[in-house]
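Coordinate analysis (summary)
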Amino acid sequence: MRRFDLHSHSTHSDGLLTPSELVARAAARGVDVLALTDHDELSGLAEAGAAADAAGISFVCGSELSVTWEDLTVHVVALQIDPAHPALAAGLEAIRSGRTERGRRIGDALAVAGIPGAWEGARRYVTSERLVSRTHFARFLVETGHAKEMKDVFRRFLVPGKPGYVAHEWAPLDRAIGWIHAAGGQAVLAHPGRYKVSDSGLRRLLADFRDAGGDGIEVLSSAHTAAQYAQFAALARVYGLLASCGSDYHGPGESYLDLGDLPPLPAGVTPVWSRW
Ligand code: AMP
Ligand code: MN
Ligand code: MN
Ligand code: MN
């Protein structure tokens with residue numbers, strides 16, 4: 001059986017490995033089909049694709065789009081997109097354009113909370129000029145001893161109600177799905193178990209996502225427990241959505257699961273790749 005890992009990050013967003021290093025690690029760890037899904041970016045895909053060809057593994061062009069649904073930030077993974085499609089490229093450019101200003105505001109909010117120099121500190125971790133992420137602030141907060149590890153940062157900082165959180169409006173859900181479809185791709189709701197919503201909110205999100213044309217959800221994700229694997233397999237069937245799987249790997253020492261570490265999809269779901 002082929003081993004799929006359809007969610008990963010490189011230095012073109014908030015990952016620690018270059019696209020070539022990421023592909024080499026995936027190949028060495030037995031991944032047969034890898035998608036690179038950098039946040040709101042496509043710029044790493046050419047290098048990753050060439051590296052995958054050289055390593056003899058299959059490569060899927062992807063991205064992870066930042067979306068605002070109701071008051072919540074959700075992530076939509078795009079798979080099998082044409083990276084040259086102008087509508088998608090323009091949409092991603094629009095999403096990215098707010099990130100630097102948001103980063104400055106995160107720095108201001110942390111300064112107010114008694115942590116000066118965070119903007120400059122985070123910028124030292126930024127590896128793609130237009131792609132400032134909370135992850136870069138999280139690395140700074142670990143470096144300066146304000147948190148033990150990444151997980152600890154996202155419990156105590158940078159999230160709603162905590163120091164360093166700033167509200168930000170990302171792309172509307174239906175527009176993001178529209179760009180992905182225009183570029184020939186599938187839209188997959190990323191790590192649905194991670195969102196802080198009630199049961200009814202989750203059902204509304206899944207229904208809205210499907211009604212907006214969404215294709216699938218991540219059933220297997222490093223953000224999910226084994227119980228959530230079963231829960232989201234059942235929900236994929238109920239909502240008529242395809243099932244995807246991805247480690248959401250960001251780099252050595254930082255990720256909950258390594259590349260290729262996910263189990264096979266649960267029985268009874270239809271994989272996203274059944275349409276490829
Ligand atoms: P941003 O797109 O700038 O809002 O940053 C979101 C990124 O922060 C995610 O893609 C993860 O890399 C990271 N992140 C969010 N929550 C967590 C968490 N609980 N543990 C580790 N990393 C997280
Ligand atoms: Mn990330
Ligand atoms: Mn995500
Ligand atoms: Mn991700």
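Look above for the structure.
Residues numbered from 1 in each chain as written. Chains lettered and ligands numbered in written order. Predicted model: local features only at pLDDT ≥ 70, side-chain atom pairs only at ≥ 80, totals over all residues. Heavy atoms only, no water.

1. A few points about the pairing of strand 2 (residues 33-36)
To be explicit about the condition: The rule is simple: take the accessible area with a 1.4 Å probe, protein chains only, and divide by the maximum for that residue type; under 20% is buried, over 50% is exposed, in between is partly exposed. Helix and strand definitions follow DSSP, with helices as H or I runs of at least four residues and strands as E runs of at least two, each counted in order from the N terminus. Looking down the strands as they point away from you, a crossover is right-handed if its path from the first strand over the helix to the second goes clockwise. Two strands qualify as a pair provided DSSP detects at least 2 bridges between them.
Burial along strand 2 is two-sided: Val33 and Ala35 and Leu34 and Leu36, pointing in opposite directions, are all buried. What joins strand 1 (residues 4-5) to strand 2 is helix 1 (residues 19-28), and the crossover it makes is right-handed. Note that strand 2 and strand 3 (residues 58-69) share 4 bridges and pair parallel. In the sheet register, Leu36 faces strand 3, and the bridge partner there is Cys61.

2. Some points on the coordination of the manganese ion (ligand 3)
Rules: Sodium, potassium and calcium take a 3.2 Å donor cutoff, other metals 2.8 Å, and in both cases only N, O and S atoms count; water is not among them, so sites may look incomplete.
Bound to the manganese ion (ligand 3) on the protein side are Glu64 (OE), His75 (ND1) and His191 (NE2), at distances that span 2.1 to 2.2 Å. Coordination of the manganese ion (ligand 3) draws on donor residues from a single chain, spaced E-x10-H-x115-H in sequence. Taken as a pair, the manganese ion (ligand 3) and the manganese ion (ligand 2) lie 5.6 Å from each other. Of this pair, His75 sits in strand 4 (residues 72-79) while His191 sits in the loop between strand 6 (186-189) and helix 9 (199-211), and the two are 116 residues apart along the sequence. Just as His75 is buried, His191 falls in that class too.

3. A short note on helix 2 (residues 45-55)
Quick note on the threshold: This arc describes the spread of directions from the helix axis toward the C-beta atoms.
By the burial criterion, the buried members of helix 2 are Leu45, Ala48, Gly49, Ala51 and Ala52. Buried residues of helix 2, viewed axially, fall in a sector of 165 degrees; they line one side. In helix 2, those exposed residues whose orientation departs by more than 90 degrees from the buried face are Ala46, Asp53 and Ala54. At the exit of helix 2 stands Gly56, carrying a positive phi of roughly 75 degrees.

4. Here's the deal with the coordination of the manganese ion (ligand 2)
The protein atoms that coordinate the manganese ion (ligand 2) are Asp14 (OD), His39 (NE2) and His250 (NE2), at distances of 2.1 to 2.2 Å. One chain supplies every donor to the manganese ion (ligand 2), and in sequence these donors are spaced D-x24-H-x210-H.

5. Looking at the site of ligand 1
Operational definition: Working definition: residue near molecule or strand if any one of its non-hydrogen atoms lies within 4 Å of it. Here a polar contact is taken to be a pair of N or O atoms separated by no more than 3.5 Å, where protein atoms must pair a possible hydrogen donor with a possible acceptor and residues adjacent in sequence count only if both atoms sit in side chains. Note that accessible areas follow from Shrake-Rupley with a 1.4 Å probe, and for residues the cover is restricted to the protein chains shown. Buriedness for pockets is judged along seven lines, at least five of which must meet protein on both sides within 12 Å for an open set on the 1 Å grid over protein atoms alone, while cavities are sets there where a 1.4 Å probe fits but cannot get out, and lining residues have an atom within 4 Å of a point. Should more than half of a molecule's atoms lie within 2 Å of a pocket's or cavity's grid points, that molecule is taken to sit in it. For this classification, the nonpolar set comprises Ala, Val, Leu, Ile, Met, Phe, Trp, Tyr, Cys and Pro, the charged set comprises Asp, Glu, Lys and Arg, and every other residue, Gly included, is treated as polar.
The environment of ligand 1 is formed by Asp14, His39, Arg99, Arg102, Ser133, Arg134, Thr135, Phe154, Arg194, His250 and Tyr256. At 2.7 Å, a side-chain N or O of Tyr256 approaches a nitrogen atom of ligand 1. Burial of ligand 1 by the protein amounts to 88% of the accessible area it has alone, namely 500 Å². When atom positions are compared with the pocket grids, ligand 1 is found to occupy the largest pocket. Contributions of two or more residues to the shell around ligand 1 are made by helix 4 (99-112) and helix 6 (134-143). For the shell around ligand 1, the residue count by class is 2 nonpolar, 4 polar and 5 charged.

6. Side note on the environment of Glu149
One can find Glu149 in the loop between helix 6 and helix 7 (150-156). Residue class for Glu149 comes out partly exposed when judged on its relative accessible area of 39%. Distance from Glu149 to Val23, taken between C-alpha atoms, is 25 Å for residues 126 residues apart in sequence.

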